[in-house]
Amino acid sequence: MLGVDYLIIGGGIIGLSIAKALKERNPAVSVRLIEKEAQVGMHSSGRNSGVLHAGFYYSADSLKARFTRDGNRQMHAFCEEKGLEINRCGKVIVAQNESEIEGLEELKRRGDANKVALEWMSEDELAHRFPEAKTTQKALFSPNTSSVDPKAVVQALALHVKGLGVEIVRDCAYEARASKDAVLTSKGVYFFNTLINAAGLYADKIGRDFGASKNYTIIPFKGIYLKDRFNRMGLSTNIYPVPNLANPFLGVHYTLTADGKAKIGPTAIPAFWRENYKGFSRFSPKEIGQIVWYEAKLFATNAFGFRSLAYDEVRKYQKSHFLALATALTKGCEHSGFDEWSKPGIRAQLLNTDTLELVQDFVVEREENSVHVLNAVSPAFTCAFPFAKWVVDTYM
């Protein structure tokens, strides 16, 4: 197989966005992207909530804050250019009690520092604008939060980069490093000048083959939504609680999809292997040993409150409890329509194995002629375009 300038592993939103950035910087370079599935975006990218976040959850000095703010604008523009559906429904963050007011005010400070539009709403204003939502004293409204169809976005992006001259090889799984400038795949040996590892759930494993990811491992978390395809409750905006900023999860919330369906979720349940979607599908005995080992350490030490997180998340399998968490954010709404569980998604969350902390910002490492995206942390879908350009400008 003839070599290429750049070989990308992983056909999710990050791998495709890096291919786009490479071609936009220099249309003459040759880029090949390999994807182990029959279609692109079959894992985290295609199972994403589809929410385009605005960029106020994160401190302004973080990469996430900048990439989310800029990515929100760029992804809106891409969807408009491609004629993709956008639900510009906004988002309200509500306080469930007076103790959460300070959390709202911290989010407003972060939004202001990152130049993200946020508006205060009183209880009366919220009741008039979004009568389904409930808050204490005041709420924050994010006008630039929208919802898109993640599968449609990924498919459109794949067509876009193919039009730029990127070769996409499907059903092509990475198997091993063959040499300094070659990898063995299920379709043979591929040569490259520079390898880009954007393999998501498997980025840490592939990275170790090239000398990267020495102090990291992926801990998978399973996310599931409860859906009402007819939106019987009349949800008109995304409704989120004040998050615990000490961990990367935003809590159970209401989401409107691009086509107007209502969802409650997601869970963040610790999974036992990387593709632990349902039952023993794609079961990996080797993975379960390593992942459960680290999860047991986190449970024993209660690092970042993992023990409480695990207990709380497992309880969400009980539908009545799951609904109770959500209904604390609303008033007088019909919830009988939430009767269908969504297809599970797995979130690839990087763990620092030395400190036993979940890494909450992007992590990229370079080793000789390979670049490894080890932590494309949420909201990577929103961040994809500016993040990819940063990776290309910084590491290639």
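To be clear, the structure that these remarks concern was listed above.
Quick look at the structure, then. Source: prediction; values computed, not measured. (Residues numbered from 1 in each chain as written. Predicted model: local features only at pLDDT ≥ 70, side-chain atom pairs only at ≥ 80, totals over all residues. Heavy atoms only, no water.)

Along the chain, Lys-108 falls in helix H3 (residues 101-113). A sequence separation of 248 residues divides Lys-108 from Leu-356, and the C-alpha atoms of the two residues are 30 Å apart. (Helix = DSSP H or I, 4+ residues; strand = E, 2+ residues; numbered from the N terminus.)

The linkage connecting Gly-265 with the following residue, Pro-266, adopts the cis geometry, with an omega of -5°. Positionally, Pro-266 belongs in the loop between strand S17 (262-265) and strand S18 (269-270). The residue after Ser-378, namely Pro-379, is reached through a cis peptide bond having omega 10°. Within the fold, Pro-379 resides in the loop between strand S23 (370-375) and helix H10 (380-395). The residue Lys-115 is not glycine, and still its phi comes out positive at about 60°. Positive phi is not limited to glycine here, since Leu-356 has a value of about 55°. Its place among the elements puts Leu-356 in the loop between strand S20 (345-352) and strand S21 (357-358). Classification of Leu-356 by relative accessible area gives buried; the value is 12%. (Buried < 20%, exposed > 50% of the residue type's maximum accessible area, 1.4 Å probe, protein only.)

As judged from the four bridges shared by strand S10 (residues 174-179) and strand S11 (residues 182-185), these two strands associate in the antiparallel manner. When the sheet's bridge partners are listed, Ser-179 is paired in S11 with Ala-182. Adjacent in sequence and paired antiparallel, S10 and S11 are bridged by two residues. (Pairing = 2+ DSSP bridges.)

A separate point is the nonpolar core. Counting residues in each nonpolar core, the largest one holds 46 residues, and the members touching the most others are Ile-8, Ile-13, Ile-14, Leu-16, Ile-18, Met-75 and Phe-387. Elements represented by at least two residues in this core include exactly strand S1 (4-9), helix H1 (13-25), strand S2 (31-34), helix H2 (63-82), helix H5 (150-163), S23 and H10. Here this core gets ten residues from one element, more than from any other, and that element is H10. Non-local contacts of Ile-13, meaning those with residues more than four positions away in its chain, are made with Ser-45, Met-75, Val-153, Val-154, Leu-157, Phe-381 and Ala-384. Ranked by size, the runner-up nonpolar core spans 26 residues in total, among them Val-169, Leu-201, Tyr-202 and Tyr-216. (Core = buried A, V, L, I, M, F, W, Y, C linked by side-chain atoms within 4.5 Å. Contact = heavy atoms within 4.5 Å.)

Attention now goes to the pattern of salt bridges. Inspection of the entire model under this criterion finds 23 salt bridges. The closest approach of N and O atoms between Glu-106 and Arg-110, which form a salt bridge, is 2.8 Å. Note that Glu-106 and Arg-110 are positioned in helix H3 at a spacing of four residues, about one turn of the helix. For Glu-106, a relative accessible area of 22% translates into the label partly exposed. Through salt bridges with shared partners, one network takes in Glu-102, Glu-106, Arg-109 and Arg-110. (Salt bridge = Lys/Arg side-chain N within 4 Å of Asp/Glu carboxyl O.)

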